[in-house]
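Structural features, examined
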Amino acid sequence: MADKSSNGGRTGRAGARRQRSQRSSDRILAAAAELARERGIHGTTIAAVSKRSGLPASSIYWHFADKDELFAEVIRTDFARWLTTVPQWNTPEGIPLREALATILLGAVPTLRDMPDFIRIGMQVVLDQRQAYAAARNAFLDTRAQVFEMMRTWVDRSLSPETTLTDIDALARLILAFSDGTLVASQATTDLNVAEYVELFLDVFAEAAHLTTPDTAPD
């Protein structure tokens, strides 16, 4: 009985330590994201993150090897959060292609106007090719690869089974390119009517998808 009680006590203490560690990590990530919004990634230092989070620099380095790894985790964490706020690429079967894509884009693209942290930081490190941000850059490129795979899977499921893999990839990249362009345009033009451009894109995409559909009509 004594051994069981002792084991239970150790388990409880270990759980409490994990919770404290997670709270500290969350405070550090939140502080880094806030500072990146205010100063950019280059202007954010470990000292500033320490001051904003209220935790010593030694605590930051206990959780993250360096600033690069810290921002890589900010990207991964914010991307996971963002995914819970946008429509998923799993529209029900039987919905017309244009309508299904409209549902997804009209729900997801407007969220980009607020510039999620993973994009704000990711765009900085992907444009800056210095090795100092290799981990953060790879984390951002991984989020894009995940989004692209969601798009590619949706396109594959939505089009004719005879559609080639090359065409499926091209159509998925077309959607990703439109999202990228809309992101930049929404930041440069504050009164941009995103819904209007989504409607225009839907026509373009529908025509492109039609052109990739094999002609199965008899000769």
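Residues numbered from 1 in each chain as written. Predicted model: local features only at pLDDT ≥ 70, side-chain atom pairs only at ≥ 80, totals over all residues. Heavy atoms only, no water.

Another aspect to go through is the packing of aromatic side chains. Tallying each qualifying case throughout the model produces seven aromatic pairs. Consider the rings of Phe 79 and Trp 82, whose centres lie 6.2 Å apart with planes at 25°: the pair is stacked. On the criterion of helical spacing, the pair formed by Phe 79 and Trp 82 is a turn pair, its members being three residues apart in helix α4 (residues 67-83). The two residues Phe 79 and Trp 82 agree in class, both being buried. An aromatic cluster is present here, built from Trp 89, Trp 154, Phe 178, Phe 201 and Phe 205 joined pairwise through their rings. When the ring centre of Phe 148 is taken as origin, the NZ or CZ atom of Arg 173, which lies over that ring, is 4.2 Å away. (Phe/Tyr/Trp six-rings, centres within 6.5 Å; stacked < 30°, edge-to-face > 60°. Helix = DSSP H or I, 4+ residues; strand = E, 2+ residues; numbered from the N terminus. Buried < 20%, exposed > 50% of the residue type's maximum accessible area, 1.4 Å probe, protein only. Lys NZ or Arg CZ within 6 Å of the ring centre and 35° of its normal.)

Let us now look at the pattern of salt bridges. Throughout the structure, instances matching the rule amount to nine salt bridges. Salt-bridge contacts for Glu 73 lead to Arg 76; the nearest nitrogen and oxygen are separated by 3.1 Å. With Glu 73 and Arg 76 both in helix α4 and three residues apart, this pair spans about one turn of that helix. Exposure remark for Arg 76: the relative accessible area of 37% places this residue in the partly exposed category. (Salt bridge = Lys/Arg side-chain N within 4 Å of Asp/Glu carboxyl O.)

In this structure, Leu 70, Leu 101, Leu 105, Trp 154, Val 155, Ile 175 and Phe 205 are the most contacted members of the largest nonpolar core, which totals 62 residues. Broken down by secondary-structure element, the contributors of at least two residues to this core are α1 (2-39), α2 (46-53), α4, α5 (97-108), α6 (117-127), α7 (134-158), α8 (165-188) and α9 (194-212). Look past the residues within four positions of Ile 175 in its chain and what remains in contact with it is Trp 89, Leu 101, Leu 105, Met 151, Trp 154, Val 155, Phe 201 and Phe 205. (Core = buried A, V, L, I, M, F, W, Y, C linked by side-chain atoms within 4.5 Å. Contact = heavy atoms within 4.5 Å.)

Next up on the list: α9. End to end, α9 covers 27 Å across 19 residues, agreeing with the expected 27 Å (1.5 Å per residue, within 8%). When α9 is considered as a whole, its buried residues turn out to be Val 194, Val 198, Phe 201, Leu 202, Phe 205, Ala 209 and Thr 212. Each buried residue of α9 lies within a common arc of 120° when the element is viewed along its axis, so the set occupies one face. Those residues of α9 that are exposed and aimed more than 90 degrees away from the buried face are His 210 and Leu 211. In this fold, the buried residues of α9 make contact with α5, α7 and α8. (Expected span 1.5 Å × (residues − 1). Arc of directions from axis to C-beta.)

Let's shift gears to the environment of Ala 32. Structurally, Ala 32 can be placed in helix α1. Note on Ala 32: relative accessible area 0%, which makes it buried. As a C-alpha pair, Ala 32 and Ser 53 span 21 residues in sequence and 8.3 Å in three-dimensional space. Excluding anything up to four places from it in sequence, Ala 32 contacts Val 49, Leu 70, Phe 71 and Val 74.

A separate point is the environment of Asp 66. Mapped onto the secondary structure, Asp 66 falls in the loop between α3 (57-63) and α4. We classify Asp 66 as partly exposed; its relative accessible area is 34%. A sequence separation of 20 residues divides Asp 66 from Ile 46, and the C-alpha atoms of the two residues are 8.3 Å apart.

With respect to the helices, strands and loops of the structure, Ser 25 is situated in helix α1. Every residue in contact with Ser 25, bar those within four places of it in the chain, is listed here: His 63 and Phe 64.

Take the packing of α8 against α9 next. Geometry of a packed helix pair, given as the angle between the helix axes and the separation of the axes. Relative orientation of the contacting elements α8 and α9 amounts to 170°, with a least axis distance of 11 Å. As far as their axial angle goes, α9 and α8 are roughly antiparallel. In this structure, α8 meets α9 at a crossing whose hand is right-handed. Counting all contacts with α8, which are made through Asp 167, Leu 171, Leu 174, Ile 175, Phe 178 and Thr 182, the residues of α9 involved are Val 194, Tyr 197, Val 198, Phe 201, Phe 205, Ala 208, Ala 209 and Thr 212. Grouping the constituent residues of the contact of α8 with α9 by class yields 11 nonpolar, two polar and one charged. (Axes fitted to C-alpha atoms, helices over the stretch in contact; angles between N-to-C directions. Parallel < 35°, antiparallel > 145°, perpendicular 65-115°, else oblique. Left-handed = near helix turned anticlockwise from the far one by under 90°. Nonpolar A, V, L, I, M, F, W, Y, C, P; charged D, E, K, R; others polar.)

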